[in-house]
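# Notes for the structure review
What follows is each chain in one-letter form.
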Amino acid sequence: MEEMEIRQIFADNLKKIRKQRGLSQLKLSNEIQMAFTFINDIENCKKWVSPETLARFSTFFEVPVSYFFQDNENEINRNITDEVFIKTISEEVTKTIQSVSKRFFDEKK
């Protein structure tokens, strides 16, 4: 699977969960303290996410990191490469998710 395909899957899943939760891009950007244009660029595959940004999305939406990389539309294309990619990203994010979560929830208090 090519990087742009992975980015598109991520963008589609971010947009899907954002809409399911009734959030506009602007509302989401305010909630997680990111620029609206950054959220827009991610959803339009113009920008990519850092592990910390991925951790913020995962924490905010209360879903595992792997949620954003699930290709439910085209299950046949998922292969070992995808699983290795998800595992690698998950390991990086796991290192930052606790601190991001703590900061995020402490700021909301």
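### Re the packing of helix α1 (residues 3-20) against helix α4 (residues 51-61)
Running from N to C, α1 and α4 point in directions that differ by 30 degrees, and their axes come no closer than 12 Å. On the basis of the axis angle, α1 is roughly parallel to α4. Remark: the crossing between α1 and α4 carries left-handed chirality. Of α4, the residues touching α1 (which contributes Phe 10, Leu 14, Ile 17 and Arg 18) are Leu 54, Phe 57 and Phe 61. Classifying every residue of the contact of α1 with α4 gives 6 nonpolar, no polar and 1 charged.

### So, unusual backbone geometry
Outside of glycine, negative phi angles account for most residues, and trans bonds account for most peptide bonds. A positive phi angle is found at Gln 33, which is not glycine, with a value near 55 degrees. Within the element layout of this structure, Gln 33 appears in the loop between α2 (25-31) and α3 (36-43). Despite not being glycine, Cys 45 has its phi angle at roughly 60 degrees, a positive value. Tracing the backbone through its elements, the reader meets Cys 45 in the loop between α3 and α4. Cys 45 sits in the buried class, given a relative accessible area of 10%.

Parameters and conventions
Residues numbered from 1 in each chain as written. Predicted model: local features only at pLDDT ≥ 70, side-chain atom pairs only at ≥ 80, totals over all residues. Heavy atoms only, no water. Axes fitted to C-alpha atoms, helices over the stretch in contact; angles between N-to-C directions. Helix = DSSP H or I, 4+ residues; strand = E, 2+ residues; numbered from the N terminus. Parallel < 35°, antiparallel > 145°, perpendicular 65-115°, else oblique. Left-handed = near helix turned anticlockwise from the far one by under 90°. Contact = heavy atoms within 4.5 Å. Nonpolar A, V, L, I, M, F, W, Y, C, P; charged D, E, K, R; others polar. Buried < 20%, exposed > 50% of the residue type's maximum accessible area, 1.4 Å probe, protein only.

By themselves these figures say nothing about function.
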